[in-house]
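Descriptive analysis of the structure
The primary structure of each chain is shown beneath.
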Amino acid sequence: MAYQLPQLETLQPGEAGRVTLTFHEDGRTYDLPVLAGTHGPKVVDVQRLYRDTGYFTFDPGFLSTASCDSTITYIDGERGILLHRGYPIEELAANASFLEVCYLLLYGALPNHSELTEFDRTITYHTMVQEKMKSFLEGYRRDSDPMAVMVGTVGALSAFYSAHMDVHDPQARAIATHRIIAKMPTIAAMAFKYALGQPFVYPRNDLDYAANFLHMCFAVPAEPYHVTKVQARAMNRFLVLHADHEQNASTATVRIAGSSRATPYACIAAGIASLWGPAHGGANAAVMAMLEKIGHRDRIPEFIARAKDKNDPFRLMGFGHRVYKNYDPRARVLRESCHEVLDELDKKDEPLFELAMELERIALEDSYFVERKLFPNVDFYSGIMLRAMGYPTPMFPALFALGRSIGWISQWKEMIESPAQRIDRPRQRYMGAPVRSYVPVDQR
Ligand code: CMC
C-alpha cells in the first residue's frame, strides 16, 4: 500500500505577528516579534529582551524554548510524524540506504545516482582508522563499557587527525564529516570486539555501510562470515531510524560544544557522553533489563498490574514517549524488522523473545495502555532486535550513537555554517548567597 503523506499546515517562514509583554510592576509594555517556521508552533523571539528590558527568560529543561533555526528534522509528536528534510521517516526507512539518508541530512536533498556513487566511494575509502588507534583502544580495561570506549576514542580522533582544523574552512569541514561517518562503525565494532577478546576485523569495501558494520562485528578469522540480507536490512533501518531526532539532549550538546569552534571530533564525543545516560540512549538497554526481570511469560500479568499501580514506581520500559503521544513512527517500522530478524534467526520461541512478543500483544490490547496511548516505542523493538542479532546490552547505546552521529554532524555543520553563529551562552537565575565579605579562617 502506498504511503500517504501527512497533511500538515505549511506556514510562510518569517515574521508572523507580535506579542506584547506587560510589566505589571510599572505598567511598561514591550513588543516581541512572533516568527513562523515551515511547520509547527510559532516562536516568540526574545533575543533582544534582556538588552531592551533587563529581563531574562526562564526555562530550565528547555520546555518552551527553541534554541536554534533548523532545516533538518521536523517532529509532530501529537500526530506521530517525523520528517527529515521534508521526507517522512517511513518512506526513508522503507526505501533509502543509510548513506542516502546521511547525504540528505548533510546536504538537504536526496543524492542523484552519481552524487550517491561519489559519496559512497568517499565514505568507503575513509573507513579504516589509523593503525595506532588500535593500541590506543587496547589501553582500556577489557570490561570497559563500550560507551566509555566510544567517548574516549572518538574524542581522540582529534589527536589522530587534524586537531587544529579551521572549522570555517569548508574543505576541512567536509573531510572531518566524512571521517566521522566512515570511522564511527569501525570504532564501534572495535569496542565490541575488544570486549569479546576477539581480533579487530578490518572494514570491507565491497559491502554496504550496514553490512560492513555487521561484518566488522561478527566476522572472525577462523571461518567465513556471511551477512544475511534480512540482518543487513534490519541494521540499515536501525541506523536510518536513529539518524536524527531534532534538538534532543545529545544534539543540543553537540551544537553547544561546537559553538565555541571546538573540533567536530570533540563535539561528537560530547554528544556520545550526553547520549550515554539512561534517560536518553540507555532506554533500549532498560527494556532488556525489564524482560530479564520478568523472566517468564507467566509473570507478565503481575508486571502489567504493577505498571498500572500508581503506588508502584515500576513502568513498562519501552512503552510511552515524551514527544510522541501517538504511535512512534520509528517503532512501527522497526517492529517489522524486529519480527523479520526473529523469524530468520528462528528465535521467536526463545523464552526472552516469546515473552517480549506476548508483552507487546497484551499492552496493545489492554485498555490502560490503549487509553493513555502508551504504544511500544523504538527502544522496545531495537532492544529485542539487537539482542537477537547477538549484541550484548552494553553495546545498545553505542549502536544508537553510531546511528545518531550523522544527525550530530549535520546539526554541527548547520550550526557552524549559519551566518548568525556565535557562542552559546545561557544565563541563569542566581539563587545563592547575597553579597558578603570574606571572613578569615580563624574567625569562621
Ligand atoms: N508504563 C506504565 N504507565 C505509564 C508508562 C509506562 N511505560 N508511561 C506512562 N505511563 C502512564 C503514567 O503513569 C501516566 O498515567 P496517569 O495519566 O494515570 O497518571 C500516563 O501514562 C502519562 O504518562 P506521563 O508520565 O505523563 O508521560 P511522560 O510523557 O511524562 O513520560 C516516558 C514519557 C517515556 C518517560 C514514559 O512513558 C516512560 O517512563 N516510559 C518507559 C521508559 C521508556 O521506554 N523510555 C524510552 C522513551 S523513547 C526515548 C527516545 O526517543 O530515545
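Counting from 1, residues in each chain are numbered in the order their sequence is written. It should be noted that, the model being predicted, local features are given only for residues of pLDDT at least 70 and side-chain atom pairs only at 80 or more, the latter also being counted only at that level, while totals for whole chains, interfaces and linings use all residues. Excluding hydrogens and water, the side-chain values take into account all heavy atoms of the structure.

Moving on, we get to the site of the ligand. The rule for a residue being near a molecule or strand is that one of its heavy atoms must lie within 4 Å of it. The environment of the ligand is made up of 18 residues, and the closest members are Arg-315, Leu-316, Gly-318, His-321 and Lys-325. Each polar contact in these results corresponds to two N or O atoms within 3.5 Å; when the atoms are within protein, one needs to be able to donate a hydrogen and the other to accept it, and residues that are neighboring in sequence are counted only if both atoms are side-chain atoms. Taking Arg-330, its side chain carries an N or O atom lying 3.2 Å from an oxygen atom of the ligand. For the ligand, an oxygen atom lies 3.0 Å from a polar atom in the side chain of Arg-372. Isolated, the ligand exposes 950 Å² of accessible area, and the fraction of that covered by the protein chains is 71%. Here the Shrake-Rupley method, with its probe set to 1.4 Å, supplies the accessible areas, and only the displayed protein chains count as covering residues.

Take the environment of Lys-193 next. By the criteria applied, helices consist of DSSP H or I runs no shorter than four residues and strands consist of E runs no shorter than two, each listed in order from the N terminus. Here Lys-193 shows up in helix H7 (residues 170-196). Overall, the relative accessible area of 1% leaves Lys-193 in the buried class. Along the primary structure Lys-193 and Ala-234 are separated by 41 residues, whereas in three dimensions their C-alpha atoms are 21 Å apart. Burial classification: accessible surface area is computed with a 1.4 Å probe over protein chains only, and a residue below 20% of its type maximum counts as buried, one above 50% as exposed, and the rest as partly exposed.

So, on to the sheet that holds strand E2 (residues 28-36). Two strands in a sheet stick together by hydrogen bonds in their backbones, pointing the same way (parallel) or opposite ways (antiparallel). Pairing between two strands is assigned when DSSP locates at least 2 bridges connecting them. Pairing is antiparallel across the open sheet formed by 3 strands, whose spatial order is E1-E2-E3. Lying at the two open borders of the sheet, with one neighbouring strand each, are strand E1 (14-23) and strand E3 (43-44). In the sheet, E1 pairs with E2 via 8 bridges, with the strands oriented antiparallel. Pairing of Thr-22 across the sheet is with Thr-29, part of E2.

Once that is clear, we can look at the packing of aromatic side chains. Note on ring pairs: Phe, Tyr and Trp rings are taken, using the six-membered ring of Trp, and paired if centres are within 6.5 Å. Classes follow the plane angle, with under 30 degrees stacked, over 60 edge-to-face and the rest tilted. For the coordinates displayed, the defined rule picks out 19 aromatic pairs. Arranged with centres 6.4 Å apart and planes meeting at 80 degrees, the rings of Phe-136 and Tyr-140 form a pair that is edge-to-face. Seen from their ring centres, Phe-213 and Tyr-391 are 6.4 Å apart, and the 10 degrees between their planes marks the pair as stacked. Here Tyr-391 lies in the loop between helix H17 (378-389) and helix H18 (396-417) and Phe-213 lies in helix H8 (residues 209-218), a separation of 178 residues in the sequence. The exposure class of Phe-213 is buried, given its relative accessible area of 0%.

Whenever Lys or Arg places a side-chain nitrogen within 4 Å of a carboxyl oxygen from Asp or Glu, that contact is recorded as a salt bridge. This model, assessed by the stated rule, comprises 24 salt bridges. Across the pair Glu-336 and Arg-233 runs a salt bridge whose closest N-O atoms are separated by 3.4 Å. One end of the pair, Glu-336, is in helix H14 (residues 329-344); the other, Arg-233, is in helix H9 (residues 229-241), and 103 residues separate them in sequence. Here Arg-233 falls in the partly exposed class, since its relative accessible area comes to 35%. When the shortest N-O distance is used, the salt bridge between Arg-306 and Asp-312 registers 2.7 Å. Residue classification places Asp-312 among the buried residues on the basis of a relative accessible area of 18%. Three or more residues are tied together by salt bridges with common partners; here these are Arg-297, Glu-354, Glu-358, Arg-361 and Glu-365.

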